Amino acid sequence: PLIITLYPLFLLLYFFFIYIRQTGISCKNRVYYSKLHFEVPFMYKNIIFDLGGVMVEWQPKEYLMEHLLNEDTEQKVYDLTFGSTEWSQLDAGELTRLGASLAMMEKARALGCSFEVQAVLDDWTTMLHTRHRVAEIAQRLKKAGFHLYYLSNIPSDILAQLQQRSFWPLFDGGIASCEVHLLKPDPAIYQTLLEKYALDPKECIFIDDDPENVKAAYELGMTGIPMRASVGSLVRNLGVCGIRVKG
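Owing to the predicted nature of the structure, the values given are computational and were not obtained by experimental measurement.

With 82% of its residues at a pLDDT of 70 or more, the chain has an overall mean of 88. Note on residues 21–41: pLDDT is under 50 here. Beyond four places in sequence and across chains, it has 52 contacts.

This is the structure in structure tokens:
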């Protein structure tokens, strides 16, 4: 019967779409996995990178776990630092580093953990190691003719540090939250980037470690790739978009 004859084809298609979903990639347009030699319906031109969590390491909860070794203290210090209102205001360019640190320390003293918070404020930038495999992929994308941009929630002092890294000249431009007083996933910050560089969202791939930020880019018409711990997942997801790189 026809159903039995077509069953293997339906099974193959089923597992194909399961694969696409498991890669964690959000494709607003039809994109096919390049190894199957299907035609990509349009040409991507622009790759947009987050900075923390993509180009450099950014795992604050893991950092606190390694340094504090106490779950209750870790959560308390996280809420007072990386997860605080002051930290968001820093990213948005609404507070200086000094002003934010003073406000965080005042709250920490009231909760009896000023020593731990001060230690974190003095040391946390040591976690911002360059992700060299990601930088290498960015370099290969650049050589292949793609335009590279950054879009990041980042305070001005850390932006200045990253601008000294060897990967920085790869970027054709970008938007930092501290400069425009906007934060992802606010659609306005994405629109600012698109308008500043006259980018067509359909021609853009956006890479970020925060699923909410990826979702916001997707809703504006971009293809979104959530960055995971394994760089191999980035290589595979780029492959789904028809872009072959070696990680």
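There is more to say, and it comes next.
With that settled, consider helix H7 (residues 132–143). Between its terminal C-alpha atoms H7 stretches 16 Å, which fits the 16 Å expected from 12 residues at 1.5 Å a residue. When we look at burial in H7, the residues that qualify are Val134, Ala135, Ile137, Ala138 and Leu141. Viewed end-on, H7 has its buried residues packed into an arc of 160 degrees, placing them on one side of the element. What points out from H7, more than 90 degrees from its buried face, is the exposed set His132 and Lys143. Packed against the buried residues of H7 are strand S1 (46–49), strand S2 (147–152) and helix H12 (231–240). Taken from the residues just after H7, Gly145 is the one with a positive phi, measuring 105 degrees.

Each value, and the rule that gives it
Residues numbered from 1 in each chain as written. Predicted model: local features only at pLDDT ≥ 70, side-chain atom pairs only at ≥ 80, totals over all residues. Heavy atoms only, no water. pLDDT = per-residue confidence, 0-100. Contact = heavy atoms within 4.5 Å. Helix = DSSP H or I, 4+ residues; strand = E, 2+ residues; numbered from the N terminus. Expected span 1.5 Å × (residues − 1). Buried < 20%, exposed > 50% of the residue type's maximum accessible area, 1.4 Å probe, protein only. Arc of directions from axis to C-beta.

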